[in-house]
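Okay, here's what each chain looks like letter by letter:
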Amino acid sequence: MGAAKEKIDKAGKFMSDVSAEMKKTDWPSRQELVESTVVVVASLILLGAFIFICDTVLTNLVKLIIP
């Protein structure tokens, strides 16, 4: 029984430490969050378009080489 109590105590201390660290965290403002989200979405769209173009070009090249 002692080992189980020790593990429960350690888990409780861990959760307490996590709570304390979360209070120290500097969370982004709503404006910063929106701006970051726009950057991520725009980057994903550009990357997707680049991969699509590369895939299309390479597919057509392979079709020319291997009829």
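Above this note sits the structure.
Colleague: Explain the overall build of the chain to me, using residue names and the numbers behind them.
Modeller: Within the chain, the regular secondary structure consists of two helices and zero strands. For 67 residues, the compact-globule formula gives about 11 Å, and the C-alpha radius of gyration of the chain, at 26 Å, lies well above that figure. Seen through its C-alpha atoms, the chain measures out along the principal axes to roughly 75 × 40 × 10 Å. Per-residue burial for the chain yields a buried fraction of 0% across its 67 residues. For the chain, the exposed surface amounts to about 6400 Å²; the carbon and sulfur share of it is 73%.

Colleague: I'd love a proper account of a nonpolar patch on the surface, names of residues and values included.
Modeller: On the surface, a cluster of nonpolar side chains totalling about 980 Å² of accessible area is made up of Phe52, Ile53, Val57, Leu58, Leu61, Val62, Leu64, Ile65 and Ile66. Mapped onto the secondary structure, Ile66 falls in the segment after helix 2 (30–65). Assessed through its relative accessible area of 58%, Ile66 is described here as exposed.

Colleague: Lay out the pattern of salt bridges in plain terms, naming residues and giving numbers.
Modeller: When the charged atoms of two side chains lie near each other, side chains of opposite charge can form a pair. With the rule as written, the count across this model stands at four salt bridges. Among the ionic pairs, Lys5 bridges to Asp9, the shortest N-O distance being 3.4 Å. Here the residue Lys5 and the residue Asp9 both occupy positions in helix 1 (residues 2–24), the gap between them amounting to four residues, near one helical turn. Judged by its relative accessible area of 44%, Asp9 falls in the partly exposed class. Among the salt bridges present, the one from Asp17 reaches Lys13, with a minimum N-O distance of 3.1 Å. Of this pair, Asp17 and Lys13 both sit in helix 1, separated by four residues, roughly a single helical turn.

Colleague: Before we move on, can you summarise the environment of Val38 with the specific residues and values?
Modeller: Looking at the secondary structure, you find Val38 in helix 2. A relative accessible area of 52% places Val38 in the exposed class. When the C-alpha positions of Val38 and Phe14 are compared, they lie 35 Å apart, and in sequence the two are 24 residues distant.

What counts and how
Residues numbered from 1 in each chain as written. Predicted model: local features only at pLDDT ≥ 70, side-chain atom pairs only at ≥ 80, totals over all residues. Heavy atoms only, no water. Helix = DSSP H or I, 4+ residues; strand = E, 2+ residues; numbered from the N terminus. Rg over C-alpha atoms; globule rule 2.2 N^0.38 Å. Buried < 20%, exposed > 50% of the residue type's maximum accessible area, 1.4 Å probe, protein only. Areas by Shrake-Rupley, 256 points an atom, 1.4 Å probe, with all protein chains shown as cover. Patch = residues over 30% accessible without salt bridge, like charges linked within 9 Å, V, L, I, M, F, W, Y side chains within 5 Å. Salt bridge = Lys/Arg side-chain N within 4 Å of Asp/Glu carboxyl O.

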